[in-house]
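Descriptive analysis of the structure
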Amino acid sequence: MYDEQKAAAFIYRNARPLDLARYWYHFEQGGAEKVLSILAYYQNTDGGFGHGLEPDFWNPGSTPIATWAAVKILRETQTFDQEHPLTAGVLRYLASGVYFNGGYWFNTVPENDDYPHAVWWRATEDYDRRKSENPTVSLAAFFLRSAAKTHPFYRRAAETLAECVADYLNMGPVTPVESHVLNCFVEAYEDLVAIGGIAGVNLRAFSAKLKKDCLRAVEKDPSRWGVEYVPRPSNFVKDRESLLYADLQQLVSIEAEWIRQQQDKAGIWPITWSWWTDYPQEEAISKRIWQAYLAIDNLLFLRNFNDTVKQ
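Structural notes, computed from the coordinates. From a predicted model like this one, the values you see are computed outputs, not experimental measurements. (Residues numbered from 1 in each chain as written. Predicted model: local features only at pLDDT ≥ 70, side-chain atom pairs only at ≥ 80, totals over all residues. Heavy atoms only, no water.)

1. Observations concerning the overall build of the chain
- Along its length, the chain carries 11 helices and two strands.
- Element order for the chain, N to C, with α for helix and β for strand: α-α-α-α-α-β-β-α-α-α-α-α-α.
- For 311 residues, the compact-globule estimate of 2.2 N^0.38 gives 19 Å, and the chain sits close to it at 19 Å.
- With the C-alpha coordinates aligned to their principal axes, the bounding extent of the chain is approximately 55 × 40 × 40 Å.
- When each of the 311 residues of the chain is scored for burial, the buried share is 52%.
- Put simply, 65% of the contacts in the chain that link residues at least 6 apart link residues at least 24 apart. (Helix = DSSP H or I, 4+ residues; strand = E, 2+ residues; numbered from the N terminus. Rg over C-alpha atoms; globule rule 2.2 N^0.38 Å. Buried < 20%, exposed > 50% of the residue type's maximum accessible area, 1.4 Å probe, protein only. Contact = heavy atoms within 4.5 Å.)

2. So, the packing of helix 2 (residues 17-27) against helix 3 (residues 32-39)
- Look at helix 2 against helix 3: their axes get within 8 Å of each other, and the N-to-C directions meet at 165°. Considering their axes alone, helix 2 and helix 3 lie roughly antiparallel with respect to each other. Relative to helix 3, helix 2 is oriented so that their crossing is left-handed. Counting all contacts with helix 2, which are made through P17, L18, A21, R22, W24 and Y25, the residues of helix 3 involved are A32, K34, V35, I38 and L39.
- Considering only residue class, the contact of helix 2 with helix 3 consists of nine nonpolar, no polar and two charged. (Axes fitted to C-alpha atoms, helices over the stretch in contact; angles between N-to-C directions. Parallel < 35°, antiparallel > 145°, perpendicular 65-115°, else oblique. Left-handed = near helix turned anticlockwise from the far one by under 90°. Nonpolar A, V, L, I, M, F, W, Y, C, P; charged D, E, K, R; others polar.)

3. Points about the pattern of salt bridges
- For the coordinates displayed, the defined rule picks out 17 salt bridges.
- A salt bridge links R75 to E187; its shortest N-O distance comes to 3.6 Å. Placement of R75 in helix 4 (residues 64-76) and of E187 in helix 8 (residues 179-195) is noted, with a sequence separation of 112 residues between them.
- On the accessibility criterion, R75 (12% relative accessible area) is buried.
- The salt bridge involving E255 is made with R232; its shortest N-O contact spans 2.7 Å. Remark: R232 occurs in the loop between helix 9 (203-217) and helix 10 (245-262) and E255 occurs in helix 10; sequence separation between them is 23 residues.
- Members of the salt-bridge network, linked through shared partners, are R16, D19, R22, E76 and D297. (Salt bridge = Lys/Arg side-chain N within 4 Å of Asp/Glu carboxyl O.)

4. Description of helix 9
- Across its 15 residues, helix 9 extends 21 Å between first and last C-alpha, which sits within 8% of the 21 Å expected from 1.5 Å per residue.
- Three or more residues of helix 9 are buried, namely F206, S207, K209, L210, D213 and C214. One side of helix 9 holds all its buried residues, which, seen down the axis, span an arc of 170°. Residues of helix 9 that are exposed and angled more than 90 degrees away from the buried face: R204 and K212.
- As for helix 9, its buried residues are in contact with helix 7 (154-169) and helix 8.
- Where helix 9 begins, the capping side chain belongs to N202, and its oxygen is found 3.0 Å from the backbone nitrogen of R204. (Expected span 1.5 Å × (residues − 1). Arc of directions from axis to C-beta. Polar contact = N/O pair within 3.5 Å; in protein donor to acceptor, adjacent residues only side chain to side chain.)

5. Observations concerning the packing of aromatic side chains
- Applying the stated criterion to the full structure yields 21 aromatic pairs.
- When the ring of F80 is compared with that of F142, the centres are 5.9 Å apart and the planes differ by 40°; the resulting orientation is tilted. Remark: F142 occurs in helix 6 (residues 133-146) and F80 occurs in the loop between helix 4 and helix 5 (85-95); sequence separation between them is 62 residues.
- Centre to centre, the rings of F185 and F206 are 5.9 Å apart; their planes meet at 85°, and the pair counts as edge-to-face. In this pair, F185 sits in helix 8 while F206 sits in helix 9, placing the two residues 21 residues apart along the sequence. (Phe/Tyr/Trp six-rings, centres within 6.5 Å; stacked < 30°, edge-to-face > 60°.)

6. Describing the side chain of E219
- Turning to its location among the elements, E219 is positioned in the loop between helix 9 and helix 10.
- At 2.9 Å, the side chain of E219 forms a polar contact with the backbone nitrogen of D221.
- Beyond its immediate chain neighbours, meaning those up to four positions away, E219 contacts R224, W225, V230, P231 and L251.

7. Details of helix 8
- If you check helix 8, its first and last C-alpha atoms are 25 Å apart, about what 17 residues at 1.5 Å a residue would give, namely 24 Å.
- Burial runs high along helix 8: 12 of the 17 residues are buried.
- Listing the buried residues of helix 8 in full gives S179, V181, L182, N183, C184, F185, V186, E187, A188, Y189, D191 and L192.
- Considering only its buried residues, helix 8 is in contact with helix 4, helix 6, helix 7 and helix 9.
- The first or second residue beyond helix 8 is G196, which carries a positive phi of 85°.

What follows is the structure, encoded as structure tokens:
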């Protein structure tokens, strides 16, 4: 049965310093600056992020995906000030054009193959032609939310995001969209709402399609949760202000109870994926990092929705 103190104890004993600081920030009135001061150790001189910030690949160099992982924490701590060193670095890295081609930031990079990594972060021969909205739309939206409109790259970021949203809206109504891509579009939508939108993006049409696609993507059968790698309501709903909360309210309550029941005796929740590579020691370390990271996510979800569970 659910035990918040056991989860906290596991986090204290096993989380990397960054995630422990995130726990303090959310649950023990810790300041955002502690989180950001530790996050800075993952930032490179070019402003991008690496060093295993995304635990499933250990490339120390800057990559768009690791920078997106940093952006998630900047959003989490509401750090959008372009004068903040971390945000300024991200803007500089994105504007540099490194691993940016054809209006997309690359999803994988060749250097990943030189370090321990999960199979899905392995570069392919056509890595530079892989057009993926993950993480492009999320990075472009963060840029627009954080940078001044006079920034030399602002217009290009706006064009990139508008083009990606237009392509998304032009997709057929029954075309499935991968859940990680949907997550990036949800993040982009939230940033666009925060800044009042941009030219070329119809927010009403954007939100309507996001709702339909996310509702279709969410696995409705709880027996598959935690057994298969399928999206749950928590992939898209973080709090009661989330775009999908009203439509998924009943399923959110079911997931809150499911999370309570799935906690093990050590106070943690299972990891539902494997690297499928020959890095067993590094994979074990990665899973330990993820267990603490996901424990924080689950605690946040329960804090927001625990009252919906029938006692």
